[in-house]
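# Per-entry structural report
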Amino acid sequence: MNVLAFDLGAGSGRALIGSLHGRKMQIREVHRFANDPVQVKDRLHWDILRLYHEIKQGLLQAKLQAGGGLASLGIDSWAVDFGLIGDNGELLGNPYHYRDHHTDQVMDEVFALLPKEEIFRRTGIQFLQFNTIFQLYALRKAGSPILAKAQTLLMIPELLRYFLTGEQIGEFTNASTTQLYNPIDGCWDRTLLERIGVRPELFTRVCRPGTAIGGLLPSVRAELGLSDLQVTAVAEHDTGSAVAAVPAEQRHFAYLICGTWSLLGTETEKPVITDEALVFNFTNEGGVAGTNRLLKNIMGLWILEECRRTWRKQGLQLSYDEMSEQALQAESFASLIDPDDPAFLNPANMPQAIQDYCRKTGQPVPEQIGQIVRCILESLACKYRFVLEMTERLARQRYNGLHMIGGGIQNKLLCQFTANAIGRPVWAGPAEGSAVGNVLVQYMALGEIADIWEARTIVRKSFAIETYLPLEQERWEKAYTAFLQMMKSSGS
């Protein structure tokens, strides 16, 4: 029995066939495609119809390559972004990209309507300017005709599911990221919606991961020459899927989902909505099997990816391995940055933004590629330790190591730096964490896997996990002290 997972990231998407053989899983990529945002005048959009086209191409490839047919498909993606559907059932415009600048400076305006302490008490969500609540407020403030005419709001995976099935149904893990869903009451928070001037009727009912949504529309089956198959709402926030794939053996564990964004945290039974969690700006998001993901967003390898893009425009074609080799030749701990400083959210020139930050904080300015790359990787590792220690404080746990999963683990230098920084082992794998979790939830929905802990046992048996042990502890301790001092002096 095969299932098909679509895993959409901020830069690319992929379709993978998953299969179970006894208690071991195999996944195989059958289609990969770019996911490039589109700038139109001053606005940044997702090319959602291109993504839907690529999903159909993935279905065609899966039909050709899946011996034994397909039983189910599921879609996961990044969070917070959405499409708006009109009363005729059609999409009312390309969704905005979370890095679009229309949410600049709107957070304080929303806090004037409802204090941030009250918003956190109602949602338990980390404050980020691109959260759905701030995007919707920005649209309403701008008098968006699309928002005025909308009948339904669907998050990105829900929207693509709707194109396939015709069913408009929300999903728990993605709903929980919007900062509009109340995890205590288990529903959309009408008070928040009314305060920002958005109609609660826009929001659909919310299902749990592992819910069968329905089959493919007849028009989709006819176009692609497919027989019917079940479309399953997996953990549709890609981080939710990735956490389901953490190969933990113990109930209390810490994870780092490593990619364009880094998400570091733990799994808890209930949301941790405390004054300290608010001060630390942590988030509580829905997980598989009713769990809570207590975590914090960190800017992640976006910073390195943007540097690489800038260098490519300058005619420098650099692989990640080549950048790591140059970083190893550079001086260690020459300069450090706070990866989460707003300067790195979406600058026109990322290397220049890093240089400006170092200059502003009185540090040596990195000039060479290797110096910049080393600055990024060492700074990320230090920030991971900083957030891991906050996680332990909030969860009242001490973790004996850190599970790293996601595409970022292919950067072996970052994995080693992370082990060095935290002074504990790092267990890296699997790289395709979100896709693996997507597949696992589909098999749970089909009754082939009993629960999340059986799923994690299958991950341990199926994928290689590489262990990184900490090195150079004394030097990293001194560097971490310097990192904390830099954070304090910069106001981070």
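Here the structure is a predicted model, which means the values were calculated and not measured. (Residues numbered from 1 in each chain as written. Predicted model: local features only at pLDDT ≥ 70, side-chain atom pairs only at ≥ 80, totals over all residues. Heavy atoms only, no water.)

This part is about the sheet that holds strand E16 (residues 262-268). Each strand in a sheet pairs with its neighbour through backbone hydrogen bonds, running either in the same direction (parallel) or in the opposite one (antiparallel). Here we have seven strands laid out as an open sheet, ordered E17-E18-E16-E15-E19-E20-E21, and mixed in their pairing. Looking at which strands have only one partner, the edges of the open sheet turn out to be strand E17 (283-286) and strand E21 (466-468). Strand-to-strand twist in this sheet, taken as the mean axis angle between neighbours without regard to direction, amounts to 30°. (Pairing = 2+ DSSP bridges. Helix = DSSP H or I, 4+ residues; strand = E, 2+ residues; numbered from the N terminus. Axes fitted to C-alpha atoms, helices over the stretch in contact; angles between N-to-C directions.)

This next bit is on the pairing of strand E18 (residues 292-298). Of all seven residues in E18, seven are buried, a share of seventy percent or more. Neither face of E18 is exposed, since Asn-292, Leu-294, Lys-296 and Ile-298 on one face and Arg-293, Leu-295 and Asn-297 on the opposite face are all buried. Note that E16 and E18 share seven bridges and pair antiparallel. Counterpart to Thr-268 in the pairing with E18 is Asn-292. Direction of pairing for E17 relative to E18: antiparallel, over a ladder of four bridges. (Buried < 20%, exposed > 50% of the residue type's maximum accessible area, 1.4 Å probe, protein only.)

Let us now look at helix H1 (residues 48-65). Between its terminal C-alpha atoms H1 stretches 25 Å, which fits the 26 Å expected from 18 residues at 1.5 Å a residue. Buried residues of H1: Ile-48, Leu-51, Tyr-52, Glu-54, Ile-55, Lys-56, Gly-58, Leu-59 and Ala-62, and no others. Residues of H1 that are buried make contact with strand E1 (2-8), strand E2 (12-21), strand E3 (24-34), strand E6 (70-76), helix H6 (156-165) and helix H9 (218-224). (Expected span 1.5 Å × (residues − 1). Contact = heavy atoms within 4.5 Å.)

We now examine the sheet that holds E6. Here six strands make up an open sheet; going across it, the order is E3-E2-E1-E6-E14-E13 and the pairing mixed. Both outer strands of the open sheet, E3 and strand E13 (211-214), are each paired with one neighbouring strand and no more. Geometrically, the sheet is characterised by an average inter-axis angle of 30° between neighbouring strands, direction not taken into account. Of the strand pairs in this sheet, E1 and E2 are connected by seven bridges, and their pairing is antiparallel. Bridging across to E2, Phe-6 finds its partner in Ala-15.

A few words on the packing of helix H12 (residues 302-313) against helix H15 (residues 369-395). Their axes nearest at 10 Å, the elements H12 and H15 cross at an angle of 165°. Viewed along their axes, H12 and H15 adopt a mutual orientation that is roughly antiparallel. Considering the relative orientation of H12 and H15, their crossing is right-handed. Across from Ile-303, Leu-304, Cys-307 and Trp-311 in H12, the residues of H15 making contact are Ile-369, Ile-372, Val-373, Ile-376 and Leu-377. The residue inventory of the contact of H12 with H15, partitioned by class, reads nine nonpolar, no polar and no charged. (Parallel < 35°, antiparallel > 145°, perpendicular 65-115°, else oblique. Left-handed = near helix turned anticlockwise from the far one by under 90°. Nonpolar A, V, L, I, M, F, W, Y, C, P; charged D, E, K, R; others polar.)

Our focus in this paragraph is helix H16 (residues 412-422). Within H16, 10 of the 11 residues are buried, which leaves the element mostly enclosed by the surrounding structure. Looking one or two residues beyond H16, the residue adopting positive phi is Gly-423, at roughly 70°.

As a further point, take the pattern of salt bridges. Counted according to the given criterion, the structure contains 29 salt bridges. The partner of Asp-189 in a salt bridge is Arg-122, and the shortest N-O contact between them spans 3.1 Å. Separated by 67 residues along the polypeptide, Asp-189 in the loop between strand E11 (187-188) and helix H8 (190-195) and Arg-122 in helix H3 (residues 116-123) bring together distant segments of the chain. Per residue, the accessibility class of Asp-189 equals that of Arg-122, and both read buried. Ionic pairing is found between Arg-374 and Glu-378, a salt bridge with its closest N-O pair at 2.7 Å. Of the two residues, Arg-374 and Glu-378 both sit in helix H15, four residues apart, roughly one turn of that helix. Ionic contacts of the salt-bridge type, sharing partners, join the residues Glu-118, Arg-121, Arg-122 and Asp-189 into one network. (Salt bridge = Lys/Arg side-chain N within 4 Å of Asp/Glu carboxyl O.)

Below, the discussion takes up the environment of Gln-442. Looking at the secondary structure, you find Gln-442 in helix H17 (residues 433-445). The sequence separation of Gln-442 and Phe-344 amounts to 98 residues, and the corresponding C-alpha distance is 36 Å.

The full count for this structure, using the stated rule, is 19 aromatic pairs. Note on Tyr-98 and Trp-261: the rings are 6.4 Å apart at their centroids and 50° apart in plane angle, and the pair reads as tilted. Pair noted here: Tyr-98 is in the loop between strand E7 (82-85) and helix H2 (107-113) and Trp-261 is in the loop between strand E15 (254-258) and E16, with a separation of 163 residues, a long-range link. Of the two residues examined, Tyr-98 and Trp-261, each falls in the buried class. Pairing Phe-253 with Tyr-255 gives two aromatic rings, centres 6.2 Å apart and planes at 50°, and the pair type is tilted. Residue classification places Phe-253 among the buried positions, given a relative accessible area of 3%. Feature note: the residues Trp-46, Trp-78, Tyr-98, Phe-130 and Trp-261 constitute an aromatic cluster, connected by ring pairs. (Phe/Tyr/Trp six-rings, centres within 6.5 Å; stacked < 30°, edge-to-face > 60°.)

A cis amide bond links Gly-429 with the next residue in sequence, Pro-430, at an omega value of 0°. Along the chain, Pro-430 turns up in the loop between strand E20 (426-428) and H17. Non-glycine residue Gln-179 carries a positive phi angle of around 65°. Relative accessible area serves as the criterion here: at 0%, Gln-179 is assigned to the buried category. One non-glycine residue, Arg-396, lies in the positive phi region at around 55°. With respect to the secondary-structure elements, Arg-396 resides in the loop between H15 and strand E19 (402-405).

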